[in-house]
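Report on the structure
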Amino acid sequence: MKDQTNINDPASGREPGLKPIFISQPDTCSTDSEVCCGPPAGPPSSPFEKPGYKILGFVDRFIQTPAGPIPKVKTRTGLSDRIGTIMVRLGIGRNEYKIAPGLYCIGNADSTSLVMVTANYKLSFDTLRNHLDAQDAWILVLDTRGINVWCAAGKGTFSTEEVVQQIRQTQLDKVVTHRNLILPQLSATGVSATRVKKESGFSVIWGPVRASDIRHFMEKGMKADKIKRLVTFSFMERLVLVPVELSLVIKPAFWIFLAALILSGIGPGIFSISSSLSRGFIAVTAFIFGILAGAVAVPLLLPWIPFRAFSIKGALAGVMAGLGVALFFMDDIQIIAIMGLLLMTTAVSSYLAMNFTGATPFTSPSGVEKEMRKAIPLQGLAILTGITAWVIAAFKQ
Amino acid sequence: MEKFRYLSNVSTLALDSEACTGCGMCEMVCPHGVFEIEDRKANILDRDGCMECGACANNCPVNAIRVTPGVGCAAYIIQTWLKGAGLKITSKAQCC
């Protein structure tokens, strides 16, 4: 399998003269003189199609290189790419949104064109090619297991070893005559430039943090301004994270709602279905507001909520949300039940806000651990006291 | 990123100025502008801006930087606690 491309490859052994391949075979059944049944037949299959493989929509055509045919990809993302982006932003199929690792190219890449390295999370790949419009470049896609650049660098899949491995596997040294790679700056967490140079002969040039700055970076002669080396966390950058945060709580929330319904039914008559539904509705509402406070309000209002610890930001948002729910249901429940609800929304919101630290680009694990040591016992205590108060309230009615 | 500040005095970042050659790699890879090069030596300009991503230590050619890198999400840290307590984690890694 490994050498198959070379057997069929007319350019193998030739000098690196990367000529694009155009498919121009005569259509057998589309000339006017021939009589065909049904609509005329479409174009013949591409010679690059192989049994069991599918040529993806973002591939424009293939170009021949000394290392075999390389897919040339479109720099404009299409409708299906955009639908894919929306789906993963909603948390649907996010873990499987990946493309095959290896070498791709854009524009009229030749042996002197730049090599950009990225992750095989399709959203990372799409973002990069989208910002390389009208450029000629190679894109070396690493097998980061479908994880974005920074997270993959942190998890060790965007690593020195993987860069070296892909350089070897794609025979990059045969495709380009220079020995430079442009890596996204955030991959520095996983990639050591010194070791890549030592193990592959390729020098690492640290590109900007954001793909949107890549063109500016190239125009400036491969130098990123100080500002382009810093991460940001704007309102929009936080907003796109919210649906995924919510999608992650849906499953545990289902069990919590079930538990809330059961606990709400407990009362003087051991268990009452009507009270399970009526009080349960209030408890579930309180939980939903706790979730919205911690997973939506805190991320969006992050810079404006006082205190640095996320658990405290979450607790504040949770108290506000709990008060709102309590005000709404004030006539239906007693003060002790209100206390119970407040404690529960506060704890839920505080925990979710604290967990959001994993999605921010500025919280240190030492800091998160420090606040967790204090916050988790308090959150647990608040939940237990809240549940107790909620159940006791049923006996006081 | 002056606008966002996390807890102070928690970062494990340490710089060995003796070993530093002032190559500037740390300054280049740091996403929070923690370092600056002054008189051919790296200097920690903003320790509390450090999020312990480990990019600087990973790219220091003379190993002059030490930091304990990690993933800063609560679910992950709870897992490490459970693991440290000798509990086996059976659920599919709830990683961030």
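The rules behind the values
- Residues numbered from 1 in each chain as written.
- Chains lettered and ligands numbered in written order.
- Predicted model: local features only at pLDDT ≥ 70, side-chain atom pairs only at ≥ 80, totals over all residues.
- Helix = DSSP H or I, 4+ residues; strand = E, 2+ residues; numbered from the N terminus.
- Buried ≥ 20, exposed ≤ 12 C-beta atoms within 10 Å, placed from the backbone.
- Rg over C-alpha atoms; globule rule 2.2 N^0.38 Å.
- Contact = placed C-beta atoms within 7 Å.
- Axes fitted to C-alpha atoms, helices over the stretch in contact; angles between N-to-C directions.
- Parallel < 35°, antiparallel > 145°, perpendicular 65-115°, else oblique.
- Left-handed = near helix turned anticlockwise from the far one by under 90°.
- Domains from an automatic or database assignment.
- Core = buried A, V, L, I, M, F, W, Y, C linked by C-beta atoms within 7 Å.
- Nonpolar A, V, L, I, M, F, W, Y, C, P; charged D, E, K, R; others polar.
- Pairing = 2+ DSSP bridges.
- pLDDT = per-residue confidence, 0-100.
- Expected span 1.5 Å × (residues − 1).
- Bend = angle between axes of the 7 residues up to and from the residue.

Time to look at the overall build of chain B. A count of helices and strands for chain B gives three helices and four strands. Classification of the 96 residues of chain B by burial places 40% in the buried group.

Moving on: the overall build of chain A. Of the regular secondary structure elements, chain A holds 14 helices and nine strands. For chain A, whose C-alpha radius of gyration is 28 Å, the value lies well above the compact-globule estimate of 21 Å for 397 residues. Within chain A, counting contacts between residues at least 6 apart in sequence, those at least 24 apart form 68% of the total.

Residues and elements named next belong to chain A. Running from N to C, helix α11 (residues 273-301) and helix α13 (residues 335-355) cross one another at 30 degrees; their axes reach a closest spacing of 8 Å. Relative to α13, α11 is oriented roughly parallel. Here α11 runs over α13; the crossing is right-handed. Between α11 and α13, the residues in contact are Ala 286, Phe 287, Phe 289, Gly 290, Ile 291, Ala 293, Gly 294, Ala 295 and Val 298 and Leu 341, Met 344, Thr 345, Val 348, Ser 349, Ser 350, Tyr 351, Leu 352 and Ala 353, respectively.

Bringing the domain arrangement of chain A into the picture now. Parsing chain A into structural domains produces domain 1 (4-29 + 47-219) and domain 2 (236-395). In this structure, domain 1 of chain A and domain 2 of chain A have C-alpha centres spaced 44 Å apart.

This brings us to the nonpolar core. Ranked by internal contacts, the top residues of the largest apolar core, which has 77 residues, are Val 115, Trp 138 and Ile 139 of chain A together with Cys 56 of chain B. With residues up to four places along the chain from it excluded, the contact list for Cys 56 of chain B reads Cys 26, Val 29, Cys 30, Phe 35, Ile 65 and Val 67 of chain B. In this structure, Ala 309, Ala 315, Val 348 and Val 368 of chain A belong to the second largest nonpolar core, which totals 45 residues.

All names here are of chain A. Running from amino to carboxyl end, α11 crosses helix α12 (residues 310-328) at an angle of 140 degrees, the nearest separation of the two axes being 9 Å. Judged by the angle between their axes, α11 and α12 are oblique. Once α11 is placed against α12, the crossing between them reads as right-handed. Here α11 contributes Thr 285, Ala 286, Phe 289, Gly 290, Leu 292, Ala 293, Gly 294, Ala 297 and Val 298 to the contact with α12, which in turn contributes Lys 313, Gly 314, Ala 317, Gly 318, Met 320, Ala 321, Gly 322, Gly 324 and Val 325.

With that settled, consider the interface of chain B and chain A. Taken together, the contact between chain B and chain A spans 33 residues of the former and 36 residues of the latter. Elements that contribute at least two residues to the side of chain B that touches chain A include exactly α1 (25-29), α2 (55-59) and α3 (74-84) of chain B. Ranked by residue count, the leading element in the side of chain B that touches chain A is α3 of chain B, at four residues. In the side of chain B that touches chain A, the residues fall into 21 nonpolar, nine polar and three charged.

Residues and elements named next belong to chain A. Here six bridges tie strand β1 (residues 59-65) to strand β2 (residues 68-73), and the two strands are oriented antiparallel to one another. Its bridge partner lying in β2, Ile 63 is registered against Ile 70. Between β1 and β2, which pair antiparallel one after the other, the connecting turn spans two residues.

Looking now at the confidence of the model for chain B. Residue and element names in this part refer to chain B. With 84% of its residues at a pLDDT of 70 or more, chain B has an overall mean of 85. Across chain B, the element-wise mean pLDDT spans from 80 in α3 up to 96 in α2. Every residue in residues 90-96 scores below 50 in pLDDT, and together they form eight contacts with partners more than four places removed in sequence or on other chains. Across the interfaces of the predicted complex, the ipTM metric reaches 0.87, alongside a pTM of 0.84.

As a further point, take α11 of chain A. Here α11 of chain A contains 29 residues, and its C-alpha end-to-end distance of 39 Å stays within 8% of the 42 Å for a straight helix at 1.5 Å per residue. For α11 of chain A, the principal kink sits at Ala 293 of chain A and spans about 35 degrees.

All names here are of chain A. Only one face of strand β7 (residues 203-206) is buried: it carries Val 204 and Trp 206, and the other face, with Ser 203 and Ile 205, is open. For strand β6 (residues 180-183) and β7, the ladder comprises four bridges, and the chain directions are parallel. If you follow Leu 181 over to β7, its bridge partner there is Val 204.

Let us look at unusual backbone geometry. Residue and element names in this part refer to chain B. Within the chain, Asn 9 stands out as a residue other than glycine whose phi angle is a positive 55 degrees. Phi at Asp 39 takes a positive value of approximately 50 degrees, unusual for a residue other than glycine. Examined against the element boundaries, Asp 39 turns out to sit in the loop between β2 (35-38) and β3 (41-44). A count of 6 C-beta atoms within 10 Å places Asp 39 in the exposed class.

Here we take up the environment of Gly 269 of chain A. Residues and elements named next belong to chain A. Within the secondary structure layout, Gly 269 lies in the loop between β8 (266-267) and β9 (270-271). Residue class for Gly 269 comes out exposed when judged on the 9 C-beta atoms lying within 10 Å of it. Residues Gly 269 and Ile 383 lie 114 residues apart in sequence; the distance between their C-alpha atoms is 24 Å.

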